[in-house]
Amino acid sequence: MNRYEEGLKLIEESCGNGKDNVIGLATVALELTSDGKPRPCIRDVDAYYEDGVFYVSTWGKSNKMQQIAQNNEVAFAVNFEGISGKGIGENLGWVLDPKNADIRMKLRKAFSDWYDDANDEKNENCVILAIRITRVVIFREHGAVYYHLDLVNKKEIQDKN
């Protein structure tokens, strides 16, 4: 197993297997700073992980979804797991759209303790956000071991940006 595969295995062990992960999700706010620069915006969300993608059930008209519609570049950090990175946010649409049936069932299972309380599935603004990881950093042993992965090109990278 090479280091890229080792890193993927660590992500799966930390975030996979139907776990409800809390991640910090950063987007670029729609309004600029007073000097015209982009303003970051971050919030914690519950996310289900599978095959390089975090899935989030959310409100389609939320600030995060409006921000992602304008700039789909996002950043994330998995709370307390030593995993952070960059990705592309994509609105997959209404949770009850037949194309979302498989992932919807996985979300309902992972978030079973609170899903029905937090989501109004009958409303078409109840959507699924996919966060497709492009780059990820995994650190272990208080930073003594690092993995820098490029999930687009499926390799470990030396460029740490």
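Structure: above.
Within each chain, residue numbers correspond to sequence positions counted from 1 in written order. Predicted model: local features are reported for residues with pLDDT of at least 70 only, side-chain atom pairs are reported and counted for 80 or more only, and whole-chain, interface and lining totals are derived from all residues. Neither water nor hydrogens contribute to the side-chain values; these are computed over all heavy atoms in the structure.

Trainee: Quick question: what am I supposed to make of the packing of aromatic side chains here?
Mentor: Any two aromatic rings considered together are summarised by their centre-to-centre distance and by the angle between their planes. Two rings from Phe, Tyr or Trp (for Trp, the six-membered ring) form a pair when their centres are within 6.5 Å of each other. A pair whose planes differ by under 30 degrees is stacked, one over 60 is edge-to-face, and the rest are tilted. Enumeration according to the criterion identifies five aromatic pairs in this entry. Measuring from centroid to centroid gives 4.8 Å for Phe-111 and Trp-114, while their planes differ by 20 degrees, and the two rings are stacked. Residue class for Phe-111 comes out buried when judged on its relative accessible area of 0%. Taking 5.9 Å as the distance between ring centres and 35 degrees as the angle between the ring planes, the aromatic pair formed by Phe-139 and Tyr-146 counts as tilted. For Tyr-146, a relative accessible area of 40% puts it in the partly exposed group. Categorising residues by exposure relies on relative accessible area from a 1.4 Å probe, with only protein chains included: less than 20% of the type maximum marks a residue as buried, more than 50% marks it as exposed, and the intermediate range marks it as partly exposed.

Trainee: Before we go on, may I ask you to explain the environment of Arg-104 in this structure?
Mentor: Only DSSP runs of H or I with at least four residues qualify as helices, and only runs of E with at least two residues qualify as strands; both kinds are numbered from the N terminus onward. Within the secondary structure, Arg-104 sits in helix 3 (residues 101-110). On a C-alpha basis, the gap between Arg-104 and Trp-94 in space is 9.7 Å, while along the polypeptide they are ten residues apart. By definition, residues are in contact when any of their heavy atoms lie within 4.5 Å. Beyond its immediate sequence surroundings of up to four residues, Arg-104 is in contact with Val-95, Leu-96, Tyr-115, Glu-121 and Ile-128. In protein, a polar contact requires one atom able to donate a hydrogen and another able to accept it; more generally it is a pair of N or O atoms within 3.5 Å, and residues adjacent in sequence count only if both atoms are side-chain atoms. A distance of 2.8 Å separates a polar atom in the side chain of Arg-104 from a polar atom in the side chain of Glu-121.

Trainee: Explain the pattern of salt bridges here, please?
Mentor: For side chains bearing opposite charge, pairing can occur when the charged atoms are close. The term salt bridge refers to a pairing of a side-chain nitrogen on Lys or Arg with a carboxyl oxygen on Asp or Glu at a separation within 4 Å. Under the counting rule described, the total for this entry stands at nine salt bridges. In this structure, the salt-bridge partner of Arg-3 is Glu-156, at a minimum N-O distance of 2.9 Å. Of this pair, Arg-3 sits in helix 1 (residues 3-15) while Glu-156 sits in strand 8 (residues 155-156), placing them 153 residues apart in sequence. Looking at Glu-156, the relative accessible area reads 27%, which means it is partly exposed. In this structure, Glu-90 and Arg-132 form a salt bridge, with 2.9 Å as the shortest nitrogen-oxygen distance. With Glu-90 in strand 5 (residues 83-94) and Arg-132 in strand 6 (residues 126-140), this residue pair connects regions lying 42 residues apart in the sequence.

Trainee: In this structure, what is going on with the pairing of strand 6? I would like to understand it.
Mentor: Two faces make up the sheet, and in a regular strand the side chains alternate between them. Strand pairing is assigned whenever DSSP identifies at least 2 bridges connecting the two strands. As paired elements, strand 3 (residues 53-59) and strand 6 share seven bridges and run antiparallel to each other. Paired with Ser-57 across the two strands is Ile-128, which belongs to strand 6. Relative to strand 6, strand 5 runs antiparallel, the two sharing eleven bridges. Each residue of the ladder has a partner; that of Lys-86, found in strand 6, is Arg-135. Bridging between strand 6 and strand 7 (residues 145-150) involves six bridges; their strand directions are antiparallel. When the sheet's bridge partners are listed, Phe-139 is paired in strand 7 with Tyr-146. The turn joining strand 6 and strand 7, which pair antiparallel and follow one another in sequence, is formed by four residues; a positive phi near 55 degrees is taken by Glu-141.

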